[in-house]
Amino acid sequence: MTRPVPSKPEGAAHYPGKPACLPARRLPALLLATLVAALAPCGGHGAVRAGAPAPSGRWASNAPADPAASNAVLMRAISLVGTPYRYGGNTPEGGFDCSGLVNYVYRDMLDLRLPRTSRDLAAWQGPRIAPERLTAADLVFFGSRGQVSHVGIYVGEGRFVHAPSSGGTVRLDRLDGPYWRDHYSGAKRVLH
């Protein structure tokens, strides 16, 4: 006896064992408040540089200049947690590398085109941001020996969304975690 194959419901996970990723446009404001609450416990042409002061672990609550745009970026980035990593990837269906994730989120939510690589993003014209001035939707950069090699999207409370490595998935991490603290190289503000 063969069983019929159930149809995939709308919003179902795009790969087994992972939660569905729903477009941020469909997420209500109440969900935003819930996600932000859940996160709490758990410059010019100058490029950010290695050796920047590492985040201290004390996180000020800084209001974004454009709360609606910042919330759209935040919600879309969080909705992509669990998406597979793929070098050169820039879509939820195909996977993401770190800069592909950043580009996709800003393009999808704000129709904003950003440089494609983490190094080019670090050299981009957004102002540099001190760790104590971080706000949701800022870009955070990591590297070593004076070279930027990784980027993520700051979501608040010392956490950021990023696509960390081959074989992994998009995830939330803490800026003051041992690896990230030691490789932090600065931040840039995209939304003014």
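Structural data are supplied above this passage.
Below: a short report on this structure. Residue positions within a chain follow its written sequence, with the count starting from 1. A pLDDT threshold of at least 70 governs which residues receive local features in this predicted model, and a stricter bar of 80 or more applies before side-chain atom pairs are shown or counted, although totals over entire chains, interfaces and linings include all residues. Processing note: side-chain calculations cover all non-hydrogen atoms of the structure and skip hydrogens and water entirely.

Observations concerning the pairing of strand β4 (residues 147–156)
Here the term buried applies to any residue with accessible area under 20% of the maximum for its type, exposed to any over 50%, and partly exposed to those in between, with areas from a 1.4 Å probe on protein chains only. Runs of H or I in DSSP of at least four residues are treated as helices and runs of E of at least two as strands, each being numbered from the N terminus. Judged by how many residues are buried, β4 sits mostly within the fold: 8 of 10 residues are covered. Note: strand β3 (residues 139–144) against β4, 6 bridges, orientation antiparallel. Looking at β4, one finds that serine 144 is bridged to glutamine 147. Only strands joined by at least two bridges in the DSSP assignment are considered to pair. Hairpin remark: β3 followed by β4, antiparallel, with 2 residues in the connecting loop; positive phi at arginine 145, about 50°. Relative to strand β5 (residues 159–162), β4 runs antiparallel, the two being bridged by 3 bridges. Within the sheet, the bridge partner assigned to isoleucine 153 lies in β5 and is valine 161. The hairpin formed by β4 and β5 contains 2 residues between the paired strands, and glutamate 157 there has a positive phi angle of roughly 55°.

Digging into helix α3 (residues 98–110)
To estimate how far a helix should extend, the number of its residues minus one is multiplied by 1.5 Å. Between its terminal C-alpha atoms α3 stretches 18 Å, which fits the 18 Å expected from 13 residues at 1.5 Å a residue. Burial analysis of α3 places 10 of its 13 residues in the buried class, the great majority of the element. Considered for burial, the residues of α3 that qualify are Cys98, Ser99, Gly100, Leu101, Val102, Asn103, Tyr104, Val105, Tyr106 and Met109. At the C-terminal side of α3, aspartate 111 shows a positive phi close to 55°.

A short note on the packing of aromatic side chains
A pair of Phe, Tyr and Trp rings is counted when the ring centres sit within 6.5 Å of each other, with Trp represented by its six-membered ring. The angle between the planes then sorts it: under 30 degrees is stacked, over 60 is edge-to-face, the rest tilted. Here the structure, examined in full by the defined rule, presents 6 aromatic pairs. Centroid distance phenylalanine 96 to tyrosine 104: 5.4 Å. Interplanar angle 55°. Geometry classified as tilted. By relative accessible area, tyrosine 104 is classed as buried at 12%. Ring geometry for phenylalanine 142 versus tryptophan 180: centroids 4.9 Å apart, planes at 70°, classification edge-to-face. Remark: tryptophan 180 occurs in helix α5 (residues 178–183) and phenylalanine 142 occurs in strand β3; sequence separation between them is 38 residues. Across the pair, exposure class does not vary: phenylalanine 142 and tryptophan 180 are buried alike.

Here we look at the pattern of salt bridges
Whenever a carboxyl oxygen of Asp or Glu lies within 4 Å of a side-chain nitrogen of Lys or Arg, that contact is scored as a salt bridge. Applying the stated criterion to the full structure yields 7 salt bridges. Aspartate 176 is paired through a salt bridge with arginine 174; the nearest N and O atoms lie 3.1 Å apart. What makes aspartate 176 partly exposed here is its relative accessible area of 22%. For aspartate 182, the salt bridge is made with arginine 181, and the minimal N-O distance between the two is 3.6 Å.

Some details on the packing of helix α2 (residues 67–79) against α3
Packing of α2 against α3 leaves a shortest axis separation of 9 Å and a crossing angle of 130°. By the angle between their axes, α2 is oblique relative to α3. Between α2 and α3 the crossing geometry is right-handed. Contacts between α2 and α3 involve Ala69, Ala72, Val73, Arg76 and Ala77 from the former and Tyr104, Val105, Tyr106, Asp108, Met109 and Leu110 from the latter. Note on geometry: axes are lines fitted to C-alpha atoms, helical ones only across the stretch in contact, with angles between N-to-C directions running from 0 to 180 degrees. Here roughly perpendicular refers to angles of 65 to 115 degrees, roughly parallel to angles under 35, roughly antiparallel to angles over 145, and oblique to all remaining angles. Each crossing gets its handedness from the near helix: less than a right angle anticlockwise from the far helix is left-handed, clockwise is right-handed. In this analysis, two residues are considered to be in contact whenever any of their non-hydrogen atoms come within 4.5 Å of each other.

A closer look at the sheet that holds β4
With antiparallel pairing, 5 strands are arranged side by side in an open sheet as β6-β5-β4-β3-β7. The outermost strands of the open sheet, each flanked by one partner alone, are β6 (171–174) and β7 (184–188). If you compare each strand with its neighbour and ignore which way they point, the axes differ by 40° on average. Pairing between β5 and β6: 4 bridges, direction antiparallel. The residue of β6 that forms the bridge with valine 161 is leucine 172.

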